[in-house]
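Descriptive analysis of the structure
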Amino acid sequence: MDKVWRKGVPFDPAVAPLVARMALVDEYRETLLRLHGTWDTLALLGQMSGTMAEIAQTRESFQTLSHVLLDSLARQQLRDVTHRLHGTAQVAIDVLVRNLFERTADVGFLSTDTAVRSLVANPAGADRTALEARFAAYVAKYSVYDDVVVLDPSGRVLARLDGTAACARCPEPWVADALRPGVPYVERFGPSDLRDGRRGLLYAAAIPGADGRAAGVLCLSFRFDDEMVRLFERLSHDGDGTVVALLDASGRVTASSDPWQLPVGLPVPRARAGGNLVRLAGRDYLAARAPATGFQGYGGPGWEGLAVVPADIAFADPGLAATGSHGALAHTLDTRDIFDEELRGIPLQAEGIQRTLAQSVWNGKLQLGRGSAGQGGNALAAALLKEVSATGDRIRVVIRDAISRLHTTALSSILEHARFQAGLAIEIVDRNLYERANDCRWWALSGDLQQALSDPAQGPRAGDVLAHINGLYTVYSLLVLFDTQGRVVAVSDPARADCVGQALDSDLVRSTLALRDPQAYHVTPHAPSALSGGVPTLTYSAALQGGGVAVVFDGASQFAAMLHDAMPGTPGSIGLLLDRQGRVVASTDPRFEVGGTAPVPPALLELPRGGSAHDVIEIDGTHYAVGVGHSGGYREYRTSGDCRPDDLVVAMLMRLGDRQAVVPPELARFEVRSVNGGAAHDTADIASFVVDGGWFGLPAEAVAQALVGRHVTPLPNARPHVLGLVSWQDQMIAVVDLAAWQSGHAAARREGPLLVCRAAGGKHFAVRVDALGDVLGVPVVSLQPWQSPVDGAPLQLLAGTAGGQPAMLTVLGLSGLLKAVGDAGAVRAAGQAVAVTA
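Fair warning: this is a prediction, and the values are worked out from it, not measured in the lab.

What to know about the overall build of the chain
Of regular secondary structure, the chain possesses 16 helices and 34 strands. A buried classification covers 50% of the 838 residues belonging to the chain. When contacts within the chain are restricted to residue pairs at least 6 apart in sequence, long-range pairs at least 24 apart make up 64% of them. By element, 53% of the accessible surface of the chain is carried by carbon and sulfur atoms, the whole surface being about 36,400 Å².

Description of the side chain of D80
Looking at the element boundaries, D80 is found in helix α2 (residues 55-110). In this structure, D80 is buried with no salt-bridge partner, the nearest side chain bearing the opposite charge being R79 at 6.2 Å. Those residues within four positions of D80 in sequence are excluded, and the remaining contacts are T409, A410 and S413.

With respect to the side chain of S631
With respect to the secondary-structure elements, S631 resides in the loop between β21 (622-630) and β22 (648-658). Taking the relative accessible area as the measure of exposure, S631 reaches 7% and is therefore buried. Of the polar contacts made by the side chain of S631, one reaches the side chain of D430; its length is 2.7 Å.

Quick look at the environment of Q796
Here Q796 is to be found in strand β33 (residues 794-802). In this structure Q796 touches L783, Q784, W786, L809, T810 and V811, once residues within four positions along its chain are discounted.

Looking at empty space enclosed by the protein
Here the idea is plain: a probe the size of a water molecule rolls over the atoms and shows the empty space left. Scanning the entire structure with this criterion turns up four cavities of 30 Å³ or more. In this model, the largest cavity occupies a volume close to 130 Å³. Every residue lining the largest cavity is listed: V95, R98, N99, F101, E102, F295, I428, R431, N432, Y434, E435 and Y634. Those elements that place two or more of their residues in the lining of the largest cavity are α2 and α8 (375-443). Looking at the lining of the largest cavity residue by residue, the classes come out as six nonpolar, two polar and four charged.

Observations regarding the sheet that holds strand β11 (residues 283-291)
Remark on secondary structure: sheet strands pair via backbone hydrogen bonds, oriented parallel or antiparallel. Here we have five strands laid out as an open sheet, ordered β9-β8-β12-β11-β10, and antiparallel in their pairing. If you trace the sheet from one side to the other, it starts and ends with β9 (253-256) and β10 (277-280), each paired once. When strand polarity is set aside, the average angle formed by the axes of neighbouring strands in this sheet is 35°. Here β10 runs beside β11; their pairing, made up of four bridges, is antiparallel. Bridge assignment links L280 to a residue of β11, and that residue is R283.

Notes on the pairing of strand β4 (residues 157-160)
Bridge analysis of strand β3 (residues 145-151) against β4 gives three bridges, and the strand direction is antiparallel. Bridge pairing in β4 places V150 opposite A159. A loop of five residues connects β3 with β4, the two strands running antiparallel in sequence, and G155 in this loop sits at a positive phi of about 95°.

Examining the nonpolar core
If you look at the biggest cluster of nonpolar residues, it comprises 92 residues, and the most contacted ones within it are Y138, V150, F224, W443, L481, F559 and L577. Each residue touching L577, except ones within four places of it in the same chain, is listed here: I426, V429, F559, L563, R583, V584, V585, A586, L648, V649 and V650. In this structure, F62, A74, L78 and I346 belong to the second largest nonpolar core, which totals 39 residues.

Some words on the packing of helix α3 (residues 114-121) against helix α4 (residues 128-141)
Here α3 crosses α4 at 145°, and the two axes come no closer than 10 Å. In the packing of α3 onto α4, the handedness of the crossing is left-handed. Residues A115, V116 and L119 of α3 form the contact with α4, whose participating residues are R128, L131, R134 and F135. Looking at the contact of α3 with α4 residue by residue, the class counts come to five nonpolar, no polar and two charged.

Details of the pattern of salt bridges
This structure, assessed with the given rule, holds 38 salt bridges. The partner of D106 in a salt bridge is R103, with the nearest N and O atoms 2.9 Å apart. Pair noted here: D106 and R103 are both in helix α2, with a separation of three residues, about one helical turn. Each member of the pair, D106 together with R103, is buried. For R583, the salt bridge is made with D579, and the minimal N-O distance between the two is 3.0 Å.

Description of the packing of helix α9 (residues 447-454) against helix α10 (residues 459-472)
It is at 8 Å that the axes of α9 and α10 come closest, and there the two elements cross at 150°. Taken together, the axes of α9 and α10 lie roughly antiparallel to each other. For the element pair α9 and α10, the recorded crossing hand is left-handed. Residues D448, L449 and A452 of α9 lie in contact with α10, whose contacting residues are G459, R461, A462, V465 and L466. For the contact of α9 with α10, the residue count by class is five nonpolar, one polar and two charged.

Description of the pairing of strand β12 (residues 304-310)
Most of β12 sits inside the fold, with seven of its seven residues counted as buried. Burial along β12 is two-sided: E304, L306, V308 and P310 and G305, A307 and V309, pointing in opposite directions, are all buried. Sheet analysis places strand β8 (residues 243-247) next to β12, joined by five bridges and oriented antiparallel. Directly across from V243, in β12, lies its bridge partner V308.

Structural notes on helix α6 (residues 224-235)
The α-helix advances 3.6 residues per turn, and as a result positions three or four apart in sequence lie on the same side. A rise of 1.5 Å per residue sets the reference length of α6, with its twelve residues, at 16 Å; its end C-alpha atoms lie 16 Å apart and thus fit the reference within 8%. If you check which residues of α6 are buried, you get F224, E227, M228, L231, F232 and L235. Mapping the buried residues of α6 onto a view down its axis gives an arc of 130°, with all of them on the same face.

Concerning the sheet that holds strand β13 (residues 476-483)
Taken together, the five strands give an open sheet; going across it, the order is β14-β13-β17-β16-β15, and neighbouring strands pair in antiparallel fashion. Taken across any chain shown, the strands that pair with only one partner, and hence form the sheet edges, are β14 (488-491) and β15 (522-523). Pairing analysis gives three bridges linking β13 to β14, with the strands arranged antiparallel. Pairing of F482 across the sheet is with V488, part of β14. The strands that α9 touches are β13, β14, β16 (539-544) and β17 (547-553); relative to β13, the one it contacts most, it runs at about 45°.

Section: helix α12 (residues 555-566)
Across its twelve residues, α12 extends 16 Å between first and last C-alpha, which sits within 8% of the 16 Å expected from 1.5 Å per residue. Those residues of α12 not exposed but buried are G555, Q558, F559, M562, L563 and A566. Around the axis of α12, the buried residues are gathered within 135° of arc, so they sit on the same side.

Details of the environment of I574
Its place among the elements puts I574 in strand β18 (residues 574-579). Among the residues examined, I574 registers a relative accessible area of 1% and is labelled buried. Along the primary structure I574 and A651 are separated by 77 residues, whereas in three dimensions their C-alpha atoms are 8.2 Å apart. Excluding its chain neighbours within four sequence positions, the residues that come into contact with I574 are M567, T588, D589, R591, F592, Y624, A651, M652 and L653.

Here's the deal with the environment of V186
Structurally, the position occupied by V186 is in strand β5 (residues 186-191). Residue classification places V186 among the buried positions, given a relative accessible area of 11%. Along the primary structure V186 and V175 are separated by eleven residues, whereas in three dimensions their C-alpha atoms are 8.4 Å apart.

A word on the confidence of the model for the chain
If pLDDT is low for a region, its predicted coordinates should not be looked at in detail. Averaged over every residue, the pLDDT of the chain is 83; residues scoring 70 or more account for 85%. With pLDDT under 50 throughout, residues 823-838 is counted as low confidence; its partners more than four residues away or in other chains account for twelve contacts.

Conventions we followed
- Residues numbered from 1 in each chain as written.
- Predicted model: local features only at pLDDT ≥ 70, side-chain atom pairs only at ≥ 80, totals over all residues.
- Heavy atoms only, no water.
- Helix = DSSP H or I, 4+ residues; strand = E, 2+ residues; numbered from the N terminus.
- Buried < 20%, exposed > 50% of the residue type's maximum accessible area, 1.4 Å probe, protein only.
- Contact = heavy atoms within 4.5 Å.
- Areas by Shrake-Rupley, 256 points an atom, 1.4 Å probe, with all protein chains shown as cover.
- Lys, Arg positive; Asp, Glu negative; His and termini not counted.
- Salt bridge = Lys/Arg side-chain N within 4 Å of Asp/Glu carboxyl O.
- Polar contact = N/O pair within 3.5 Å; in protein donor to acceptor, adjacent residues only side chain to side chain.
- 1 Å grid on protein atoms, 1.4 Å probe; cavity = no way out; pocket = protein on both sides within 12 Å on 5 of 7 lines; lining within 4 Å.
- Points joined across faces, edges and corners; volume = space filled by probe spheres on them.
- Nonpolar A, V, L, I, M, F, W, Y, C, P; charged D, E, K, R; others polar.
- Pairing = 2+ DSSP bridges.
- Axes fitted to C-alpha atoms, helices over the stretch in contact; angles between N-to-C directions.
- Core = buried A, V, L, I, M, F, W, Y, C linked by side-chain atoms within 4.5 Å.
- Left-handed = near helix turned anticlockwise from the far one by under 90°.
- Parallel < 35°, antiparallel > 145°, perpendicular 65-115°, else oblique.
- Expected span 1.5 Å × (residues − 1).
- Arc of directions from axis to C-beta.
- pLDDT = per-residue confidence, 0-100.

Put into structure tokens, the structure is as follows:
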């Protein structure tokens, strides 16, 4: 895809319009621009001194690297923001759809209520006061509703909870739609006569008569605006400017967290293909839409979730605060799970430039030592080398700082995302369990179930009622009616009919029958039971006259589905539902079985109710960002009180990357220790380098040149430490791996500079090292003679410091290296043969 140029830098078309709002990108553009000015000085010095012709090529590489770095910074920032926006939009619509799914079941069940059916069968003789009191009891348990209405087939209001409403008849088409055979429910949003012209979200279902035909319509009015305020508060991102909304099928706002920026009724245009920008009221926004995922076959009202943030505040730098003590962690990770290949390649490109500059400085100092620049050019060349070395240091610092900021920003974003997703997952759990507590309490008021407890002959009828309920509320594996002795009277599943007459767990029966408040309920710990078939789950129960009703939650599949719906959507993520002891209740990863212990730090399990936090953990050598969210309840469901042992916690683990086996430290400079004695002119030049972490050197006059990035042709039947041959000045010379020669092991496949060495008689060979040091001017008196304990070869030792720590540098002799190369004639003959073949 063609790049778009902004301020002299080519950017991806998706980010080009946004670059002006990215302070981090602009900051580094200015820094890199100043470094570009340094290259102009270097090029001029190089031309004047006649040295270092590779300056121009290295400058071009640096310019390319600068462009890649700035484009990558911009794309990563955009990716972080859009990912967060999409996740917020997706959760907004999916949490609502899960809630509304319960409403479709509620209206189907309440429409079959005995008292409701009696009203439509005999409107004149019904006790409306008692029925309205029953509606009040229903809403006291299901507080998501603000009205319950019964209509006759013509739309006339027969009874309702809201006594202030003026509507006596509703002629709207949805009433007739609900009466049609085969229609399980009608969902209707908008202004309605039934609500005196106010908008609302209504659920309606036919009330069956004695002959099975529709005799009326039951309507539940959902507290839509109240619910959206609660949901939007939960989705807020701590004042980052994000606005969350719902859009109808035409793209108009139906609810908004900020009615000033996204008022209800506002049409929101779609972003252009491949883009994220929309313009609203003269202001640019980054936007993400998300359709509903659906739940149990229910897709919702056909709405979408929307999250937007003003483009001018979307790219605030989070800094280091959000990462806490983990700021340095990103530098120890294999970041392929976080960054794309181009971004991961930036440090390697910067290292290549640094190596080229180091090679230039190294070779330049060798030339200065031999006077090859001429007497007049030595001072200018020395100034050039100093400036090149300083430029290399600045490049290293700038690139390292940019990548560090990028790592920190990415880690901060992932940690916050994990915490946010965990909080939303536990919100889904709390909302679901709120429904379970409501269900058992309402069903305990069923006249059919109470009649079965007083008349054993009604047991089969109670079984039919339970089966009907279970067909509507599919989140349960079993519904059970039991008497005061704890014996099962009826069950919802005919396949479990053998349970009838059996005694239930005494603790469940005793705790249920002890309930005196119709608003009270009992819930068991998450554990296996006979009712659940030995599968760990929760069982909710409520008392009714003559016994109780118990509902067995299908926890294994339902908790797994909740976690699945709340997953971040990034590869390698893990969702865990836990108790406060860290025991697993549900898991998306088979490594963490139900009942086992999760690898979550204890401090994260000790947060107060409703709390959330994040941390970093390591599992089998892989680091994860872990966010936790503690149950805080929902509406009337457990929103107050102290922590309880059966409180639930969600831990969301997002993969950061594998731990790198070795993190190479930055090479420290070797500094010569000052000594007493030795005249100022009595010095020797030592070309220093690093091999296997140790410092070594060669007399500078013995080194012709340092080579970087050269291909080495393998040499058949060579000694283990002989890598092969390299082309240099129209000849093939042997290459010895110095680390392999010293250790006696075969040479490893690794990159490193090659030092071309000159021996007596014009012979040349090369040695591979790990890194170049400096060309040191060393007082001769500081070189201490020494003899190799291995082969007796004469060596010299040089005391100094590296990185502030005492260090020793070993000056090698050419005689030992010549032995490593082997027979010069054989090597020369092999080189000629390779050259001829080439």
